[in-house]
Amino acid sequence: MADHDQGAVTLYSGTAITDAAKKNHPFSVKVGLAQVLRGGAVVEVSSVNQAKIAESAGACAVLISDPPRSPAAAGVQRMPDPSLVKEVKRAVSVPVMARARVGHFVEAQILEHLAVDYIDESEIISVADEGNFINKHNFRSPFICGCRDTGEALRRIREGAAMIRIQGDVTRTGNVAETVRNVRRVMGDVRVLNNMDDDEVFAFAKKLSAPYDLVAQTKQMGRVPVVQFASGGITTPADAALMMQLGCDGVFVGCEVFDGTDPFKRVRSIVQAVQHYNDPHVLAEMSSGLESAMESLSVSGDRIQGSV
């Protein structure tokens, strides 16, 4: 065991992870809880019925959010209604996640009191504190945080994030390009780091604006030290399989997946694609007959952007 300025490196499942000094809420336990979700799809839901559909389709967890609002009536987006959280928890047996605003530790306290399984400190909804993130070591619940690059991911892990969400498009258009770009950026940094001499890691940590010990740990493990899921624009089995082949541990699927005529089939196809991401036969089968269920998504935007 080697001491660091804000914690210690301990062994967990044969790999080193950073464990906070908080003995009541050990970080290694939270990381272990997040590991359970690997190889799965987390589906965003805004009603009990959607949660039941997601569970029956094989989702590894559901992420509760308020029903989507029109841009004109959007306003401030906050954590979901506690009554909805309670209803979903009673209705399904899979793990339940809920979002808290960035820096809003009281929303996180409420969600922890409601016994959600994971709290997503989400930049997708409104930001409560523009200068600070929640000190996630103060909570017993595992936290998920978003990132768009490696430095941001490691800074969130230092604050106590047990799972990283590599975030792309947040406009619900079905355009996966931004997510691909951010995933490739993170994976590319890890590959560069793996080929560095130990002496070069200090400068690379400074370039990333990330804690040196976590950068060194990433080099040692050959990956970001916690579970990393992709999120944003993932609406087809092919999208989901692409994220897995790029190196992600799973995917988040937005609630737009319920807009079509057969949401069960769409969710089920994405779940199967995550589990069989290297099997073209399964992917072709899961991709068949989905076009009519995707009319509300501007899938053509992917083709247009990709052809530029």
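Each remark here, short or long, concerns the structure printed above.
Residues numbered from 1 in each chain as written. Predicted model: local features only at pLDDT ≥ 70, side-chain atom pairs only at ≥ 80, totals over all residues. Heavy atoms only, no water.

Participant: Honestly, unusual backbone geometry in this entry has me stumped. Any pointers?
Facilitator: It is generally the case that most residues other than glycine have a negative phi and that most peptide bonds are trans. Positive phi, normally seen in glycine, also occurs at Ala-115, with a value near 65°. Along the chain, Ala-115 falls in the loop between α4 (105-113) and β7 (118-122). You can call Ala-115 partly exposed: its relative accessible area is 41%. Although it is not a glycine, Ser-209 adopts a positive phi angle of roughly 55°. Position of Ser-209 relative to the elements: it lies in the loop between α7 (201-208) and α8 (212-221). (Helix = DSSP H or I, 4+ residues; strand = E, 2+ residues; numbered from the N terminus. Buried < 20%, exposed > 50% of the residue type's maximum accessible area, 1.4 Å probe, protein only.)

Participant: Looking at this model, I keep getting lost on the pattern of salt bridges. Mind explaining?
Facilitator: Oppositely charged side chains can form a pair if their charged atoms are brought close together. One pass over the structure, following the stated rule, counts twelve salt bridges. A salt bridge links Arg-165 to Glu-123; its shortest N-O distance comes to 3.0 Å. Here Arg-165, found in strand β9 (residues 161-167), pairs with Glu-123, found in the loop between β7 and β8 (143-147); they are 42 residues apart in sequence, far enough to count as distant. A relative accessible area of 1% places Arg-165 in the buried class. Sharing partners across several salt bridges, the network here consists of Glu-121, Lys-136, Arg-156 and Glu-159. (Salt bridge = Lys/Arg side-chain N within 4 Å of Asp/Glu carboxyl O.)

Participant: How should I be thinking about the packing of α7 against α8 in this particular structure?
Facilitator: Running from N to C, α7 and α8 point in directions that differ by 115°, and their axes come no closer than 9 Å. In terms of orientation, α7 and α8 fall into the roughly perpendicular class. Remark: the crossing between α7 and α8 carries right-handed chirality. The residues of α8 that touch α7, namely those facing Val-201, Phe-202, Phe-204, Ala-205 and Leu-208, are Tyr-212, Val-215, Ala-216 and Lys-219. Considering only residue class, the contact of α7 with α8 consists of eight nonpolar, no polar and one charged. (Axes fitted to C-alpha atoms, helices over the stretch in contact; angles between N-to-C directions. Parallel < 35°, antiparallel > 145°, perpendicular 65-115°, else oblique. Left-handed = near helix turned anticlockwise from the far one by under 90°. Contact = heavy atoms within 4.5 Å. Nonpolar A, V, L, I, M, F, W, Y, C, P; charged D, E, K, R; others polar.)

Participant: Got a minute to help me understand a nonpolar patch on the surface in this structure?
Facilitator: Judged by side-chain polarity, Phe-105, Val-106 and Ile-110 come together as a nonpolar surface patch covering roughly 240 Å² of accessible area. Residue Phe-105 is classed as partly exposed on the basis of its relative accessible area, which comes to 47%. (Patch = residues over 30% accessible without salt bridge, like charges linked within 9 Å, V, L, I, M, F, W, Y side chains within 5 Å. Areas by Shrake-Rupley, 256 points an atom, 1.4 Å probe, with all protein chains shown as cover.)

Participant: Just checking my understanding: could you explain the sheet that holds β8 for this structure?
Facilitator: The strands making up a sheet associate through backbone hydrogen bonding, with each pair oriented either parallel or antiparallel. Spatial strand order, β4-β5-β6-β7-β8-β9-β10-β11: eight strands in a closed barrel with parallel pairing. For this sheet, the mean angle separating the axes of adjacent strands, direction not counted, is 30°. Where strand β6 (residues 96-101) and β7 come together, five bridges link them in parallel fashion. Across the sheet, Ala-98 pairs through a bridge with Ile-119, a residue of β7. Set on the sheet, helix α3 (residues 82-91) makes contact with β5 (61-64) and β6; between it and β5 the angle comes to about 165°. Running at roughly 160° to β6, α4 makes contact with β6, β7 and β8 of the sheet. (Pairing = 2+ DSSP bridges.)

Participant: Please explain a negative patch on the surface as it appears in this structure.
Facilitator: A cluster of acidic residues, Asp-197, Asp-198, Asp-199 and Glu-200, forms a negative patch at the surface. The exposed category is assigned to Asp-197, whose relative accessible area is 51%. (Lys, Arg positive; Asp, Glu negative; His and termini not counted. Charge placed at Lys NZ, Arg CZ, Asp CG, Glu CD.)

Participant: Sorry, what's going on with the packing of aromatic side chains here?
Facilitator: How two aromatic rings sit relative to each other is set out by the distance from centre to centre and by the angle between their planes. Taken as a whole and judged by the stated rule, the model has three aromatic pairs. On the basis of an interplanar angle of 65° and a centroid distance of 5.3 Å, the ring pair of Phe-139 and Phe-143 is categorised as edge-to-face. Judged by its relative accessible area of 5%, Phe-139 is buried. Ring centres of Phe-229 and Phe-252 lie 5.7 Å apart, and the angle between their planes is 70°; this geometry places the pair in the edge-to-face category. Of the two residues, Phe-229 sits in strand β10 (residues 227-231) while Phe-252 sits in strand β11 (residues 250-253), which places them 23 residues apart along the sequence. Directly above the ring of Phe-133 sits Arg-156, whose terminal nitrogen or CZ lies 3.6 Å from the centroid. (Phe/Tyr/Trp six-rings, centres within 6.5 Å; stacked < 30°, edge-to-face > 60°. Lys NZ or Arg CZ within 6 Å of the ring centre and 35° of its normal.)

Participant: Explain the nonpolar core to me, please; I cannot follow it from the model alone.
Facilitator: Nonpolar side chains in soluble globular proteins generally cluster together in the buried interior. In this structure, Val-43, Val-215, Met-243, Val-251 and Phe-258 are the most contacted members of the largest nonpolar core, which totals 74 residues. In terms of residues, this core owes the most to one element, helix α6 (residues 177-194), which gives six residues. Other than its neighbours up to four places away in sequence, Val-43 contacts Ala-54, Ala-59, Ala-61, Val-62, Leu-63, Val-253, Val-257, Phe-258 and Val-267. Ranked by size, the runner-up nonpolar core spans 13 residues in total, among them Leu-37, Val-42, Ala-61 and Tyr-118. (Core = buried A, V, L, I, M, F, W, Y, C linked by side-chain atoms within 4.5 Å.)

Participant: In this structure, what is going on with the side chain of Asn-182? I would like to understand it.
Facilitator: As for its placement among the helices and strands, Asn-182 is situated in helix α6. The buried category is assigned to Asn-182, whose relative accessible area is 3%. A distance of 2.9 Å separates polar atoms of two side chains, one belonging to Asn-182 and the other to Arg-185. The contacts of Asn-182, once residues within four sequence positions are left out, are Arg-148, Ile-166, Gln-167 and Gly-168. (Polar contact = N/O pair within 3.5 Å; in protein donor to acceptor, adjacent residues only side chain to side chain.)

Participant: Whenever I open this one, the pairing of β6 confuses me. Can you help?
Facilitator: The side chains of a regular strand alternate, first on one face of the sheet and then on the other. For β6, the tally of buried residues reaches six of six residues, placing the bulk of the element in the interior. Judged by which residues are buried, β6 turns out to be covered on both faces: Val-96, Ala-98 and Ala-100 on one side and Met-97, Arg-99 and Arg-101 on the other are all buried. Sheet analysis places β5 next to β6, joined by three bridges and oriented parallel. Residue pairing for β6: Val-62 is matched across the bridge by Val-96. Note on the crossover from β6 through α4 to β7: the handedness is right-handed. (Right-handed = clockwise from strand over helix to strand, strands pointing away.)

From the geometry alone we can't say anything about function, so treat these as descriptive.
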